[in-house]
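The residues making up each chain are set out below.
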Amino acid sequence: MDTFTETGPLPTAALKDGFLSDQFGRVFNYLRIAVNEQCNLRCVYCMPPGGVDFQPKKELLTTREINRIVRVASTIGITKIRFTGGEPLLHPQIASIVRAAVGTPGIEEVHLTTNGLLLPEKAEALKLAGLHGINISLDTLDDSRFRTITRKTGLLRVLEGMESALELGFPSVKINMVAMRGFNDDEITNFVELTKQHPVTVRFIELMPFDSHQIWKTGKFYQAEHLIADLTTLYPELTPVDGSSTEHHVFRLPGYPGKIAVIPAYSRNLCSGCTRVRLTADGYIRNCLYSHREYNLRQVLRNGGDDREIANLFKTAMWHKLEDGWEAQRRGEEHRESMTQIGG
Ligand code: SF4
């Protein structure tokens, strides 16, 4: 597409549209909002031991601003919201933020990704707020390995959190496991067995390069294709099934209530079907996880911008989305030190 432009004005048509689209014909209906940067874990592939320079509170979007953004986003085709962080359950008003999103006309699904440490005590409030789905980030079922990966304790609390979410009957409970060679790849079968015991989806996710010390360069990268091949060898009866709109490699084992998904988060071979928009906790729109180019929505909000200006910034950001995550990464240096500052 030789007429692609990464900057410059939008065609009038795109401005008029009641939805978000780009120059490749993709339409975006899924907004991932980071509600904070703080986290109560220090995962080795995300942050250095001492953490990162978290932004001061005044630089982060307020609850009122987040609610307003969700409302405006619902008028431009966003139907699915995912709250992330940092660790979103550390946000004191996370239940009311979820409730507001669930109550916004046009928003059909509201999900949240958590490390699960605070889930035992927060699950009920989230369920009452109407949350549709929870993804729990958990890379090991071994206690000492949990300490090595997260530099903290808490495995039992995370598993307790998963149990509470299942008991409360959330429509969707998923486990996000970052699969790493020579690190936790010997636990693949243990995680698959979770889908025998519970109606959960275990998602094996490729390691992504969003940490200042680039752990992914240390031979731990486990490519999605290879993981699928290994799973098929381990479980010849593995059967492809439908997954959610953002999951493409999804399987089930006969008689197992749960499902298994493999997410090529680094391989980026599914970008042609991308539906995602990201908003960082400090109010910047990212049109791709790998894009270094950001659009300052916080400034529009704090300069008294009206709903049309908010909508137009989303449209501008998405119209200028590059063809795929590889192109996005090629076009510049990542200025954020850690995934906790992007929101995943
Ligand atoms: S890499 Fe970028 S374009 Fe590709 S799926 Fe992820 S967010 Fe979408």
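Residues numbered from 1 in each chain as written. Predicted model: local features only at pLDDT ≥ 70, side-chain atom pairs only at ≥ 80, totals over all residues. Heavy atoms only, no water.

Moving on to the site of the ligand. Taken together, Arg268, Cys271, Cys274, Arg276, Arg278, Cys288, Leu289, Tyr290, Lys321 and Gly325 make up the full set of residues near the ligand. The residue makeup of the shell around the ligand, split by class, is 5 nonpolar, 1 polar and 4 charged. (Near = heavy atom within 4 Å. Nonpolar A, V, L, I, M, F, W, Y, C, P; charged D, E, K, R; others polar.)

Further remarks concern the packing of helix 2 (residues 63-73) against helix 10 (residues 307-319). Viewed as axis vectors pointing N to C, helix 2 and helix 10 meet at an angle of 75°, and their least axial separation amounts to 10 Å. By the angle between their directions, the pair helix 2 and helix 10 is classed as roughly perpendicular. Residues Arg68, Ile69, Arg71 and Val72 of helix 2 form the contact with helix 10, whose participating residues are Asp307, Ile310, Ala311 and Phe314. A breakdown of the residues in the contact of helix 2 with helix 10 according to their chemical character gives 5 nonpolar, no polar and 3 charged. (Axes fitted to C-alpha atoms, helices over the stretch in contact; angles between N-to-C directions. Helix = DSSP H or I, 4+ residues; strand = E, 2+ residues; numbered from the N terminus. Parallel < 35°, antiparallel > 145°, perpendicular 65-115°, else oblique. Contact = heavy atoms within 4.5 Å.)

Right, let's talk about the nonpolar core for a bit. Buried together is how nonpolar side chains tend to be arranged in soluble globular proteins. With 104 residues, the main nonpolar core has Leu31, Phe83, Phe204, Leu231, Leu297 and Phe314 as its most contacted residues. If one sorts the elements of this core by residue count, helix 10 sits on top with 6 residues. (Core = buried A, V, L, I, M, F, W, Y, C linked by side-chain atoms within 4.5 Å. Buried < 20%, exposed > 50% of the residue type's maximum accessible area, 1.4 Å probe, protein only.)

So, about the pattern of salt bridges. Tallied over the full model, the rule gives 17 salt bridges. As a salt-bridge pair, Glu294 and Arg286 come within 2.7 Å of each other at their nearest N and O atoms. Per residue, the accessibility class of Glu294 equals that of Arg286, and both read buried. Two residues, Arg336 and Glu294, come together in a salt bridge whose shortest N-O distance is 2.8 Å. A residue pair is termed long-range when its members are at least 10 positions apart, and Arg336 in the segment after helix 11 (325-330) and Glu294 in strand 14 (residues 294-296) qualify at 42 residues. Looking at Arg336, the relative accessible area reads 10%, which means it is buried. When salt bridges with common partners are traced through the structure, they connect Asp282, Arg286, Glu294 and Arg336 into a single cluster. (Salt bridge = Lys/Arg side-chain N within 4 Å of Asp/Glu carboxyl O.)

The next point concerns the sheet that holds strand 8 (residues 201-205). With mixed pairing, the 12 strands of this open sheet are ordered in space as 9-10-11-8-7-6-5-4-3-12-13-14. Two strands in the sheet have a free side with no partner beyond their single neighbour: strand 9 (239-240) and strand 14. Across 4 bridges, strand 4 (residues 80-84) lies against strand 5 (residues 109-114) in parallel orientation. Counted as the bridge partner of Lys80 is Glu109 from strand 5. Running over the sheet, helix 2 touches strand 3 (30-34), strand 4 and strand 12 (276-279) and is turned about 175° from strand 3. (Pairing = 2+ DSSP bridges.)

On to the environment of Thr140, then. For Thr140, the location among the structural elements is in the loop between strand 6 (133-137) and helix 5 (143-150). By relative accessible area, which is 1% here, Thr140 ends up buried. Through-space distance from the C-alpha of Thr140 to that of Asp185 is 9.4 Å; in sequence the pair is 45 residues apart. Polar side-chain contacts of Thr140 include one of 2.5 Å to the side chain of Glu187. (Polar contact = N/O pair within 3.5 Å; in protein donor to acceptor, adjacent residues only side chain to side chain.)

The next subject is the pairing of strand 11 (residues 259-263). Buried residues dominate strand 11, accounting for 4 of its 5 residues. As defined by bridge partners, strand 8 adjoins strand 11 across 5 bridges and the pair is classed as parallel. Opposite Phe204, over in strand 11, you have Val262 as the bridge partner. With 3 bridges joining them, strand 10 (residues 249-252) and strand 11 adopt antiparallel strand pairing. Along strand 11, the bridge assignment pairs Val250 with Ala261. The hairpin formed by strand 10 and strand 11 contains 6 residues between the paired strands, and Gly255 there has a positive phi angle of roughly 80°.

Locating Lys174 in the fold gives a position in strand 7 (residues 172-178). Other than its neighbours up to four places away in sequence, Lys174 contacts Ile134, Asn135, Ile136, Thr201, Arg203, Ser244 and Glu247.

Tallied over the full model, the rule gives 2 aromatic pairs. With centroids separated by 5.1 Å and ring planes inclined at 70°, the aromatic side chains of Phe221 and Tyr266 adopt a geometry described as edge-to-face. Of this pair, Phe221 sits in the loop between strand 8 and helix 8 (224-234) while Tyr266 sits in the loop between strand 11 and strand 12; the two residues are 45 residues apart in sequence, bridging distant segments of the chain. As far as burial versus exposure is concerned, Phe221 and Tyr266 are alike and both buried. Judged by centre distance (5.2 Å) and plane angle (85°), the rings of Tyr266 and Trp326 are edge-to-face. Remark: Trp326 occurs in helix 11 and Tyr266 occurs in the loop between strand 11 and strand 12; sequence separation between them is 60 residues. Taken together through their ring pairs, the aromatic side chains of Phe221, Tyr266 and Trp326 make up a single cluster. The ring of Phe170 is capped by Lys127, whose NZ or CZ atom sits 5.9 Å from the centre of that ring. (Phe/Tyr/Trp six-rings, centres within 6.5 Å; stacked < 30°, edge-to-face > 60°. Lys NZ or Arg CZ within 6 Å of the ring centre and 35° of its normal.)

With that settled, consider the state of the cysteines. Throughout the structure, instances matching the rule amount to 0 disulfides. This cysteine, Cys39, is not joined by any disulfide, and Cys43 carries the nearest cysteine sulfur, 6.3 Å off. (Disulfide = S-S within 2.5 Å.)

Residues Ile94, Ala95, Ile97, Val98 and Ala101 constitute the buried set of helix 3 (residues 94-102). Projected down its long axis, helix 3 shows its buried positions confined to an angular sector of 160°, all on one face. Structurally, helix 3 contributes buried residues whose contacts are with helix 2, strand 4, strand 5 and helix 4 (119-128). (Arc of directions from axis to C-beta.)

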